[in-house]
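Residue-level listing of the chains:
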Amino acid sequence: MKVSRLYMVTGNRHKVEEAKEILERYGVELVQAEARKLEIQSESLEEIALTAARYAYLQLRKPLIVEDAGLFIEALNGFPGPYSSYVYKKIGVEGVLKLMEGVGDRRACFKAAVAYVAPGVERVFTGEVCGRIAREARGSRGFGFDPIFVPEGESRTFAEMSVEEKNRYSHRARAFKRLGEWIVREWWSMRSNSEG
Ligand code: ITT
């Protein structure tokens, strides 16, 4: 299978590690790239990711992606959602556990939007995983809210799983599988057009 290179603009190496493991199944080599990041305020992860990807493309001028993700907690009406990065920096995992003290409904979902920008092409792929907020932090792998998120059908948190195990469930893995499938389809259609 042809290997194509794609740049991921992010300051988070864990995101790259997880996404790389998915995209290599589709023959895509993912490379972390640096660019000034434009983070608009919006309720929509898709809009935040696409705006940031367009801005990064103006700087780098090569096919790239930007991902925006967040944790949406049912009992908190979807908070922190698009503000997850800020909330994580300010109050961390322990702060969220405090907000959830005495709350019986622990349901929550992680969501991700991956925006792809290349010459003449813009696409956004989304992924979601639902589960629950643990009663206490467990595990030391991963990043962000991984120690307090247990996906449906599991008893372990994401922070107790390897990258491969987390990728069986995660919002990021689901969004990147959609991107990978789309890239493969595009590549085949370009190939058959040029052969036909
Ligand atoms: P970049 O913007 O540079 O890509 P970031 O970590 O700031 O990196 P986001 O703006 O998408 O990424 O913020 C999402 C936040 O949501 C992130 O900081 C985590 O706290 C949380 N988050 C998203 N995906 C997660 C995951 O798979 N596991 C744990 N926490 C996650």
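Residues numbered from 1 in each chain as written. Predicted model: local features only at pLDDT ≥ 70, side-chain atom pairs only at ≥ 80, totals over all residues. Heavy atoms only, no water.

1. Side note on the site of the ligand
We apply this condition: A cutoff of 4 Å decides nearness: a residue is near a molecule or strand if any of its heavy atoms lies inside that distance of it. Polar contact criterion, stated in full: a pair of N or O atoms within 3.5 Å, where within protein one must be able to donate a hydrogen and the other to accept it, and residues adjacent in sequence count only if both atoms are side-chain atoms. Calculation of accessible area relied on Shrake-Rupley with a 1.4 Å probe; when residues are assessed, cover is drawn exclusively from the protein chains displayed. Only protein atoms enter the 1 Å grid used here. Points where a 1.4 Å probe fits but cannot escape make up a cavity, open sets with protein on both sides within 12 Å along at least five of seven lines make up a pocket, and a residue lines them when an atom lies within 4 Å of a point. More than half of a molecule's atoms within 2 Å of the grid points is what it takes for that molecule to sit in a cavity or pocket.
As a matter of local geometry, the ligand sits amid 20 residues, with T10, K15, K37, D146 and K166 nearest to it. At a separation of 3.0 Å, an oxygen atom of the ligand approaches a polar backbone atom of A69. Taking R172, its side chain carries an N or O atom lying 3.0 Å from an oxygen atom of the ligand. For the ligand, the accessible surface in isolation is 610 Å², of which the surrounding protein chains cover 92%. A majority-of-atoms criterion places the ligand in the largest pocket.

2. Observations regarding the layout of surface pockets
Quick note on the threshold: Grid points are joined across faces, edges and corners, and a volume is the space filled by probe spheres set on the points. Ten residues, namely Ala, Val, Leu, Ile, Met, Phe, Trp, Tyr, Cys and Pro, are considered nonpolar, four, namely Asp, Glu, Lys and Arg, are considered charged, and the remaining ones, Gly among them, are considered polar.
Approximately 770 Å³ is the volume found for the largest pocket. Along the walls of the largest pocket sit 34 residues, with K15, D68, A69, S84 and S85 positioned nearest its centre. Its residues placed into classes, the lining of the largest pocket shows 14 nonpolar, ten polar and ten charged.

3. Digging into helix α1 (residues 13–23)
For the record, the criterion: Each residue gets one of three labels from its accessible area relative to the maximum for its type: buried under 20%, exposed over 50%, partly exposed in between, using a 1.4 Å probe on protein chains only. Numbering of helices and strands runs from the N terminus; a helix is a DSSP stretch of H or I covering at least four residues, while a strand is a stretch of E covering at least two.
Within α1, eight of the eleven residues are buried, which leaves the element mostly enclosed by the surrounding structure. Those residues of α1 lying buried are H14, K15, V16, E18, A19, E21, I22 and L23. Measuring from the backbone nitrogen of H14 back to the side-chain oxygen at the start of α1 gives 3.0 Å, which picks out N12 as the cap.

4. Regarding empty space enclosed by the protein
By the definition in use, this model includes one cavity of 30 Å³ or more. Reported here for the largest cavity is a volume of approximately 30 Å³. K37, L38, E39, I48, A52, V66, E67 and D68 together form the lining of the largest cavity. For the lining of the largest cavity, the elements supplying multiple residues, two or more each, are α2 (45–60) and β3 (64–73). Among the elements that line the lining of the largest cavity, the one with the most residues is β3, at three residues. Considering only residue class, the lining of the largest cavity consists of four nonpolar, no polar and four charged.

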